[in-house]
Amino acid sequence: MAGEGEKKPVLEMVQADGADEGCVTFVLHDEDHTLGNSLRYLIMKNGDVDFCGYTITHPSESKINFRIQTRGGVAATEPLRRGLNELSDVCQHVLNTFQARVNEFKERQEQPME
Amino acid sequence: MAAITKNVEEIRNRVILGEFGVKNVHTTDYPGNYPGYDDTWDLEKFQKNFRIDVVNLDESSMEFDMVGIDAAIANAFRRILLAEVPTMAIEKVFIYNNTSIVQDEVLAHRLGLIPIKADPRLFEYRNTEGSEIDTIQLQLKIKCSRNPRASKDSSDPRELYLNHMVYSKDIKWLRPGQELDITMHCVKGIGKDHAKFSPVATASYRLLPEITLLEPVEGEMLPWSRRASYLQTCWSQRPSKSS
């Protein structure tokens, strides 16, 4: 946690004392439903995850509490890392498909004029 | 057994519009919820099932279908379009002379809402001082005067006065003797900061509707002769696709 002076933390981990590494609440700063809901969806699709949810603690503060509970002794940071990577892959694929289809559509539109 | 499988498919894939509310809204296809289904995330399976069909695309609007993606991610795209795609907009307005009937702050507010056709990817965000890498400087200097060539009894302002409409955003407010002399600084920002920076007028999504007719509707016999053609008008004029 580098929170002092100008540097604000982007991500913090809060863990109950005595709980294992599989149950962790992450506090993500400067985030809202945009990342929270899509990340929650992808992490829930992970077979190791028992529970995944997020809340916006107060609408005036732009931070979310993101909780992951895993089963089988998996550390909670692993599904989080995987979920973020998968989200990035999904977005990249959607972008590629979208650009290809839009170009195709534009070409098809020009053809009847020729 | 076939009835149960069909029901499961419906629960997994459909949102049902009931008379008093919407049922089955939340995504339930997570691993472990349905025995016999493997719902674990698989990028290849997603890529195989995912497709985009552009319905129409023109200068100012676009409509397209996304098949095989969950509402959570589609909603994230919508939210990003509204709030986090940067554009350029007028931020600081230096008013040297404004003798029109529009107040300074109202004028500055309206100038900020004007869409600026500059590619924000070529600019940086502005910190404190302005330089050519992060600011566009615009100027508006216009004065309204009487048109000496107008006829005696015309009442059309377009003919009576010169420069009475301040173009590029059709606000007509100037009358003879009034003038505007303004310099504007235009910076890069995102919709989260101020709605003037939002690149879209609006962005929305909806689930693809599936309408099942419970009985055939025909238009042969009077007085039902118009029933079928009325029903046909419910559909938009989209060309039918072969797939």
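Residues numbered from 1 in each chain as written. Chains lettered and ligands numbered in written order. Predicted model: local features only at pLDDT ≥ 70, side-chain atom pairs only at ≥ 80, totals over all residues. Heavy atoms only, no water.

Asker: Just to check I follow, could you spell out helix α1 (residues 33-44) of chain A for this structure?
Answerer: Helical geometry: 3.6 residues make up each α-helical turn, so side chains three or four residues apart lie on a common side. With 12 residues, α1 of chain A extends 16 Å between its outermost C-alpha atoms, agreeing within 8% with the 16 Å of an ideal straight helix rising 1.5 Å per residue. With 10 of 12 residues buried, α1 of chain A lies mostly within the body of the structure. Along α1 of chain A, the residues that are buried comprise Thr 34, Gly 36, Asn 37, Ser 38, Leu 39, Arg 40, Tyr 41, Leu 42, Ile 43 and Met 44 of chain A. In this structure, the buried side of α1 of chain A is in contact with β3 (49-56), β4 (63-70) and α2 (77-110) of chain A together with α3 (71-83) of chain B. (Helix = DSSP H or I, 4+ residues; strand = E, 2+ residues; numbered from the N terminus. Expected span 1.5 Å × (residues − 1). Buried < 20%, exposed > 50% of the residue type's maximum accessible area, 1.4 Å probe, protein only. Contact = heavy atoms within 4.5 Å.)

Asker: How do you make sense of the sheet that holds strand β11 (residues 179-189) of chain B when you look at a structure like this?
Answerer: Paired through backbone hydrogen bonds, the strands of a sheet run either parallel or antiparallel to each other. Residue and element names in this part refer to chain B. On the basis of which strands lie adjacent, the open sheet formed by three strands has the order β5-β11-β6 and antiparallel pairing. The outermost strands of the open sheet, each flanked by one partner alone, are β5 (87-98) and β6 (136-143). When strand polarity is set aside, the average angle formed by the axes of neighbouring strands in this sheet is 20°. Pairing of β5 with β11 involves 10 bridges; the strand directions are antiparallel. Paired with Val 93 across the strands is Met 184, a residue of β11. Along the sheet, helix α4 (residues 104-112) contacts β5 and β11; its crossing angle with β5, the most-contacted strand, is approximately 155°. (Pairing = 2+ DSSP bridges. Axes fitted to C-alpha atoms, helices over the stretch in contact; angles between N-to-C directions.)

Asker: I would appreciate a short explanation of the interface of chain A and chain B in the present structure.
Answerer: Interface size is commonly expressed as the accessible area that is lost once the parts come together. Listed per partner, the contact involves 26 residues of chain A and 30 residues of chain B. Roughly 2500 Å² is buried in total at the junction of chain A and chain B, and carbon and sulfur atoms are behind 70% of that figure. Sorting the residues of chain A by area buried against chain B places Thr 34, Tyr 41 and Lys 45 of chain A first, and these three jointly supply 26% of that buried surface. Inspection of the region where chain A meets chain B yields three salt bridges. Summed over the shared surface of chain A and chain B, the result is nine residue pairs in polar contact (both at pLDDT 80 or more). The element best represented in the side of chain A that touches chain B is α2 of chain A, accounting for 13 residues. (Buried area = accessible area lost by both parts, 1.4 Å probe. Salt bridge = Lys/Arg side-chain N within 4 Å of Asp/Glu carboxyl O. Polar contact = N/O pair within 3.5 Å; in protein donor to acceptor, adjacent residues only side chain to side chain.)

Asker: Would you mind showing me how to read α3 of chain B here?
Answerer: Residues and elements named next belong to chain B. Between the first and last C-alpha of α3 there are 18 Å, a value that for 13 residues agrees with the 18 Å anticipated at 1.5 Å per step. Within α3, the full set of buried residues consists of Ala 72, Ile 73, Ala 74, Asn 75 and Ala 76. The opening residue of α3, the one whose side-chain oxygen lies 3.0 Å from the backbone nitrogen of Ala 72, is Asp 70.

Asker: Before we go on, may I ask you to explain the sheet that holds strand β2 (residues 23-29) of chain A in this structure?
Answerer: Residue and element names in this part refer to chain A. The strand order across the open sheet built from four strands is β1-β2-β4-β3, with neighbouring strands paired in antiparallel fashion. Each edge of the open sheet carries a strand with a single partner, namely β1 (11-14) and β3. The sheet shows a mean angle of 20° between the axes of neighbouring strands, taken without regard to direction. Where β2 lies against β4, seven bridges are found, and the strand directions are antiparallel. Residue pairing in the sheet places Val 27 in a bridge with Asn 65 of β4. Along the sheet face, α1 touches β3 and β4 and points at about 170° away from the line of β3. Running at roughly 120° to β4, α2 makes contact with β1, β2, β3 and β4 of the sheet.

Asker: What am I meant to see in the pairing of β4 of chain A here?
Answerer: Note on strand geometry: in a regular strand, side chains alternate between the two faces of the sheet. Burial of the side chains of β4 of chain A is restricted to one face: Ile 64, Phe 66, Ile 68 and Thr 70 of chain A are buried, whereas none of Lys 63, Asn 65, Arg 67 and Gln 69 of chain A on the reverse face is. The antiparallel pairing of β3 of chain A with β4 of chain A creates a hairpin that spans six residues between the two strands.

Asker: What is the right way to look at the pattern of salt bridges in this model?
Answerer: Between side chains of opposite charge, a pair can form when the charged atoms approach closely. Applying the stated criterion across every chain, the model contains 11 salt bridges over all chains. Among the salt bridges present, the one from Glu 86 of chain A reaches Arg 82 of chain A, with a minimum N-O distance of 3.4 Å. Taken as a pair, Glu 86 of chain A and Arg 82 of chain A lie in helix α2 at a separation of four residues, close to a single helical turn. On the basis of relative accessibility, which here comes to 12%, the residue Glu 86 of chain A falls in the buried class. With a closest N to O distance of 3.1 Å, Asp 53 of chain B and Arg 51 of chain B form a salt bridge. Via salt bridges that share partners, Arg 101 and Glu 104 of chain A together with Arg 51 and Asp 53 of chain B belong to a single interconnected network.

Asker: Mind showing me how you'd approach the side chain of Thr 25 of chain A here?
Answerer: All names here are of chain A. On the secondary structure map, Thr 25 appears in strand β2. Look at Thr 25 and you get buried, because its relative accessible area is 16%. Among the polar contacts listed, one links the side chain of Thr 25 to the side chain of Arg 67, at a separation of 2.8 Å. For Thr 25, the residues in contact, after removing those within four places along its chain, are Glu 12, Met 13, Val 14, Asn 65, Phe 66 and Arg 67.

Asker: Honestly, the confidence of the model for chain A in this entry has me stumped. Any pointers?
Answerer: The predicted coordinates of low-pLDDT regions are not to be read in fine detail. For chain A, per-residue confidence averages 86 on the pLDDT scale, and 90% of positions sit at 70 or higher. Within the model, pLDDT remains below 50 along residues 1-5 of chain A, and this stretch shows three contacts once partners closer than five positions in the same chain are excluded. (pLDDT = per-residue confidence, 0-100.)

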